[in-house]
Amino acid sequence: MKKITVNLGKESYSIVIGYDIFRFLPRYLKSLHLPREIFIITNNRVQKYYAKKLNQSLKQGGFSTKFYLTIDSEKAKSINNAARIAENLAFYAKQKKITVLALGGGVIGDLAGFIASIYKRGVPLVQVPTTLLAQIDSSIGGKTAIDLRIAKNLVGTFYQPKLVFCDLSVLETLDKRQTRAGLSEAIKYAAIKDEGLFNFLEQNYHSVFSRDRQTLEHLVYACAKIKAEIVELDEKEEKGLRTILNFGHTIGHAIEAAGGYSRYNHGEAIALGMLAASQMSENLGLLSASVCQRISALVAGLGLPLEVSGIREEDVLRAYRLDKKFIGRLNRFVLLKGIGKAVISKNIPEKIIYNAVKELFVS
Ligand code: NAD
Ligand code: GLY
């Protein structure tokens, strides 16, 4: 079992990573003195695989559990759904002190985190992420999110969990598409911060798909550590440091929105967004063509998309203009000067952006 501490003063917490560790969860919860009534937010698919195991472990540890199942879709991250769950939580909790536990991927984590942060102005939150993407990214760092019709993640809070508990054995039921989505965020970390990790991904991605335990443990640990270090430096994204975690996200979110959040999943859209941002970096003279090519070769090797299909270019551009990363009218992008070297660029000529998006549509 490995442990990373996210050092945030009074808000510090551990990320625990290991195989078959559900049975140790109660011990961690007790050491944190968390309320014994646990309201678990999950969905049908995840509960089918893991609710029993989690429930047994919590009950044996002296905790009471209540499972709330929501829909299995990005659409779960809606204000109406969050309000519905909060009503259920209030009905269950009455006067009791409650811990909210997110059991699922990034959708469940963002949603449960939001609810925990607003219910009674904040109740303790535990993240038990069950996708590769959630284990290496969304469960860490305290960003919670709800989508509005106009754009994704427009409503949210910063709310740190008390614990992130990654049982790697849950990754065994992930399908290839979801594994790829997680790997897309791993490419992001490597591209912005760690050339060694980039080399590791190039050499070992086959072992991720064959679920080699050592490879997965190393990968989740390495990515979670990068995220933890960046969050420690700039918890609320006020210093421009955490912003680098948005590499590929400006165009990526636009592609996700233009596809109605169903054509491409988050990881796939981010892969396309990273290709666009790399192309922009090359066109601005920041990145060599060979490094740009190295990034697309890895994206292709993992089976992530290289081109956009089934949605319209103008819809992507419209959605892009709504991105949160705009400051006033100034656009803002995370670009690369090399593998592991991210830079933030503002006010990039529209032509550079549009050309990079256009390239994604050329077959
Ligand atoms: P997801 O939560 O939709 O999960 C993907 C699919 O896998 C779902 O169908 C889910 O039910 C299923 N699943 C989950 N665990 C499983 C398991 N162990 N075995 C089998 N199936 C399983 O998607 P995701 O990729 O985990 O997360 C994407 C979301 O995360 C997006 O909403 C994105 O905006 C958000 N996100 C947030 C942050 C953050 O910092 N808060 C960072 C990155 C992404
Ligand atoms: N996924 C971006 C962040 O956590 O800041």
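Right above here is the structure, for reference.
Everything quoted here is computed from the prediction, not taken from an experiment.

**Remarks on the site of ligand 2**
Working step 1: Around ligand 2, the surrounding shell consists of D137, K143, K227, R242, L245 and N246.
Working step 2: The separation between an oxygen atom of ligand 2 and a polar side-chain atom of K143 is 2.9 Å.
Working step 3: Within the side chain of R242, an N or O atom sits 2.8 Å from an oxygen atom of ligand 2.
Working step 4: Look at ligand 2: alone it shows 200 Å² of surface, and the protein chains cover 89% of it.
Working step 5: Looking at the shell around ligand 2 residue by residue, the classes come out as 1 nonpolar, 1 polar and 4 charged.

**Focus on the layout of surface pockets**
Gaps between atoms show up when a probe of the same size as a water molecule is rolled over them.
Working step 1: A volume near 220 Å³ is recorded for the second largest pocket.
Working step 2: Around the second largest pocket sit 15 residues that line it, and L275, Q279, S296, E359 and L360 are the ones nearest its centre.
Working step 3: When contributions to the lining of the second largest pocket are tallied by element, the ones reaching two or more residues are α10 (266–283), α11 (289–301) and α13 (350–361).
Working step 4: Broken down by element, the lining of the second largest pocket gets its largest block of residues, 5 residues, from α10.

**Side note on the sheet that holds strand β1 (residues 2–6)**
Working step 1: The mixed open sheet is built from 7 strands, whose spatial order is β1-β2-β7-β6-β5-β3-β4. In the strand order of this sheet, the two ends are held by β1 and β4 (64–70), each with one partner. Strand-to-strand, the axes of this sheet are offset by a mean angle of 20°, without reference to chain direction.
Working step 2: Both strand β3 (residues 37–43) and strand β5 (residues 98–104) contribute to a ladder of 5 bridges, which runs parallel. Each bridged residue has a counterpart across the sheet, and for E37 the counterpart in β5 is I98.
Working step 3: Across the sheet, helix α3 (residues 79–93) lies against β3, β4 and β5, angled at about 160° from β4, the strand it touches most.

**Regarding the nonpolar core**
Working step 1: If you look at the biggest cluster of nonpolar residues, it comprises 101 residues, and the most contacted ones within it are I15, L197, L219 and I255.
Working step 2: By residue number, the principal contributor to this core is helix α8 (residues 213–233), which donates 10 residues.
Working step 3: Look past the residues within four positions of I255 in its chain and what remains in contact with it is Y264, A269, L272, V308, I311, V316 and L360.
Working step 4: Membership of the second largest hydrophobic core comes to 23 residues, among which are Y68, A76, I98 and L125.

**As for the site of ligand 1**
Working step 1: Taken together, 27 residues are adjacent to ligand 1, and E74, T130, T131, K152 and T173 come closest.
Working step 2: One of the side-chain N or O atoms of K77 is found 2.8 Å from an oxygen atom in ligand 1.
Working step 3: Here a nitrogen atom of ligand 1 sits 2.7 Å away from a polar atom, N or O, in the side chain of T173.
Working step 4: Starting from 870 Å² of accessible surface for ligand 1 in isolation, the protein chains cover 92%.
Working step 5: Looking at the shell around ligand 1, the elements with two or more residues in it are α2 (44–60), α4 (106–118), α5 (132–138) and α6 (176–193).
Working step 6: For the shell around ligand 1, the element with the most residues is α2, which contributes 4 residues.
Working step 7: Among the residues making up the shell around ligand 1, the classes are represented as 7 nonpolar, 10 polar and 10 charged.

**Describing the pattern of salt bridges**
Working step 1: Considering all chains together, one arrives at 20 salt bridges under this definition.
Working step 2: Here K77 and E74 are joined by a salt bridge, their closest N and O atoms 3.4 Å apart. For the pair shown, K77 and E74 are each scored as buried.
Working step 3: Between E185 and K188 there is a salt bridge, with the nearest N and O atoms lying 3.0 Å from each other. Separated by 3 residues within a single helix, E185 and K188 lie in helix α6, roughly one turn from each other. There is no split in this pair, since E185 and K188 are both buried.
Working step 4: The network of salt bridges with shared partners includes E74, K77, D110, D147, K152 and E256.

Cut-offs applied
- Residues numbered from 1 in each chain as written.
- Chains lettered and ligands numbered in written order.
- Predicted model: local features only at pLDDT ≥ 70, side-chain atom pairs only at ≥ 80, totals over all residues.
- Heavy atoms only, no water.
- Near = heavy atom within 4 Å.
- Polar contact = N/O pair within 3.5 Å; in protein donor to acceptor, adjacent residues only side chain to side chain.
- Areas by Shrake-Rupley, 256 points an atom, 1.4 Å probe, with all protein chains shown as cover.
- Nonpolar A, V, L, I, M, F, W, Y, C, P; charged D, E, K, R; others polar.
- 1 Å grid on protein atoms, 1.4 Å probe; cavity = no way out; pocket = protein on both sides within 12 Å on 5 of 7 lines; lining within 4 Å.
- Points joined across faces, edges and corners; volume = space filled by probe spheres on them.
- Helix = DSSP H or I, 4+ residues; strand = E, 2+ residues; numbered from the N terminus.
- Pairing = 2+ DSSP bridges.
- Axes fitted to C-alpha atoms, helices over the stretch in contact; angles between N-to-C directions.
- Contact = heavy atoms within 4.5 Å.
- Core = buried A, V, L, I, M, F, W, Y, C linked by side-chain atoms within 4.5 Å.
- Buried < 20%, exposed > 50% of the residue type's maximum accessible area, 1.4 Å probe, protein only.
- Salt bridge = Lys/Arg side-chain N within 4 Å of Asp/Glu carboxyl O.

The quantities given are spatial measurements derived from coordinates; they are silent on function.
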